[in-house]
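Breakdown of the fold
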Amino acid sequence: MSARILDGKALAAEIAAETAAAVAAFVQSTGVQPRLAAVLVGDDPASAVYVRNKQRACQRAGIASDLHRLESDASPCQLLDLIDRLNSDPLVHGILVQLPLPPSLDTTRVLDAVNPWKDVDAFHPQNVGLLAQGRPRFLPCTPHGVVQILHRCQIAVSGQHVVVVGRSEIVGKPLALMLMQRQSPVGADAANATVTVCHSRTRDLAAVTRQADVLVAALGAARFVTADMVSPGATVIDVGINRTHEGLVGDVDFASVQHVAGAVTPVPGGVGPMTIAMLLSNTLHAARLQTAGL
Ligand code: NAP
């Protein structure tokens, strides 16, 4: 058997085109151009590439974007002052703080300082709380990208057993919250899953992952999920991005899993491009929310 390849790159292009059309209509009707402010602290090359890719995607969608760079030895005050300015700038609709921050900065404190109406990553506790309650303001980009892949590939999770490996605040936990809700803004098929969340203390992980109709790997370990961990015909979503001497690889051993799974996302070209597409959509959404009252 050879699995269906879920082409995140093509789906992301489809979503970006939809967003670009919606941005053009929004600009036409309001005269307001959605704007994303990206904050990059330090000189981590991978972070610089991520931010550049996000800015380019914004440009293509008609969203203005500015890069605000601080040196790696920036003080907490400098960064919080910058965020304060962006929070109160009426021309800025979305604020993105590229992670990881240098260790000298308190990430939680910084993310908590972002205006929750401009929090296009959905990391602010107010937005996390709304998501947990099933009334999200913004859907976090990577989990939303996963849900969109499933939805647009007609893989319904309703009533299915989804196993998520990883419980991070950025991926695993919010994804589990999204899939277990009674309703989803993405569609009726994207809610009501039975969700199991695994982590580094999970006993007999393979016995749990083999129960999955949909298995999501978000643990950050190269090619960790092997064919023996996958039930025949299951859908496997690979969130992982691991830099190895062979280049970028996911958390799934694609070579073996593709012969067991019913469907699988590749790396690169799976969840990664979807994350950026959902950021564009959130920035437009933020602009709509902030313009609605004008
Ligand atoms: P993270 O914060 O490091 O969290 C990893 C999670 O996996 C933790 O909950 C950890 O458990 C669990 N875990 C680690 N090793 C495990 C093991 N052997 N067995 C079971 N669980 C294990 O990582 P993250 O930020 O969620 O990122 C996960 C991966 O996704 C990384 O490769 C990252 O680069 C990638 N990523 C991709 C995108 C994208 O756009 N495609 C976006 C974000 C992240 P504990 O909680 O017990 O430590």
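Definitions and limits used
Residues numbered from 1 in each chain as written. Predicted model: local features only at pLDDT ≥ 70, side-chain atom pairs only at ≥ 80, totals over all residues. Heavy atoms only, no water. Helix = DSSP H or I, 4+ residues; strand = E, 2+ residues; numbered from the N terminus. Buried < 20%, exposed > 50% of the residue type's maximum accessible area, 1.4 Å probe, protein only. Areas by Shrake-Rupley, 256 points an atom, 1.4 Å probe, with all protein chains shown as cover. Lys, Arg positive; Asp, Glu negative; His and termini not counted. Charge placed at Lys NZ, Arg CZ, Asp CG, Glu CD. Domains from an automatic or database assignment. Arc of directions from axis to C-beta. Contact = heavy atoms within 4.5 Å. Core = buried A, V, L, I, M, F, W, Y, C linked by side-chain atoms within 4.5 Å. Salt bridge = Lys/Arg side-chain N within 4 Å of Asp/Glu carboxyl O.

A word on the overall build of the protein
Tallying secondary structure elements over the protein gives 10 helices and 11 strands in all. In terms of overall dimensions, the protein has a C-alpha envelope of 55 × 45 × 35 Å along the principal axes. Sorting the 294 residues of the protein into buried and exposed places 51% on the buried side. Only carbon and sulfur atoms are counted for the fraction: they give 53% of the accessible area of the protein, which is about 13300 Å². The protein carries 23 positive and 24 negative side-chain charges, and their two centres are separated by 3 Å.

Regarding the domain arrangement of the protein
When cut into domains, the protein gives domain 1 (32-119) and domain 2 (140-272). When each unit is reduced to the centre of its C-alpha atoms, the spacing between domain 1 and domain 2 is 28 Å.

Overview of helix H5 (residues 125-132)
Of the residues making up H5, those classed as buried are Asn127, Leu130 and Leu131. Looking straight down H5, one finds that the buried residues subtend no more than 100° of arc, so they occupy a single side. Considering only its buried residues, H5 is in contact with helix H7 (172-180).

Notes on the nonpolar core
Membership of the largest hydrophobic core comes to 56 residues, with the highest contact counts inside it found for Ile149, Val162, Val214, Val216, Ile237 and Val239. Those elements that provide at least two residues to this core are helix H1 (8-30), strand E2 (35-41), helix H2 (45-61), helix H6 (141-152), strand E5 (161-165), H7, strand E7 (214-217) and helix H10 (271-292). Both domains that meet at this core, namely domain 1 (32-119) and domain 2 (140-272), each give it at least three residues. If near-sequence neighbours (up to four positions away) are discounted, Val162 is found in contact with Val157, Leu179, Ala193, Thr194, Val195, Thr196, Val214 and Val216. Counting residues in hydrophobic clusters, the runner-up holds 21 residues, among them Leu205, Met229, Val230 and Val252.

Notes on the environment of Leu96
Positionally, Leu96 belongs in strand E4 (residues 94-97). On the basis of relative accessibility, which here comes to 2%, the residue Leu96 falls in the buried class. Once the C-alpha coordinates of Leu96 and Phe26 are considered, the two residues, 70 residues apart in sequence, prove to be 21 Å apart. If we skip the residues at most four places from it in the chain, Leu96 touches Leu36, Ala37, Ala38, Val39, Lys54, Asp121 and Leu279.

Side note on the pattern of salt bridges
For the structure on display, the rule yields five salt bridges. A salt bridge links Glu14 to Arg152, with the shortest nitrogen-to-oxygen separation between them at 2.8 Å. Pair noted here: Glu14 is in helix H1 and Arg152 is in helix H6, with a separation of 138 residues, a long-range link. The exposure class of Glu14 is partly exposed, given its relative accessible area of 37%. Given the relative accessible area of 23%, Arg152 is considered partly exposed. For the salt bridge of Arg152 with Glu18, the shortest nitrogen-to-oxygen distance reads 2.9 Å.

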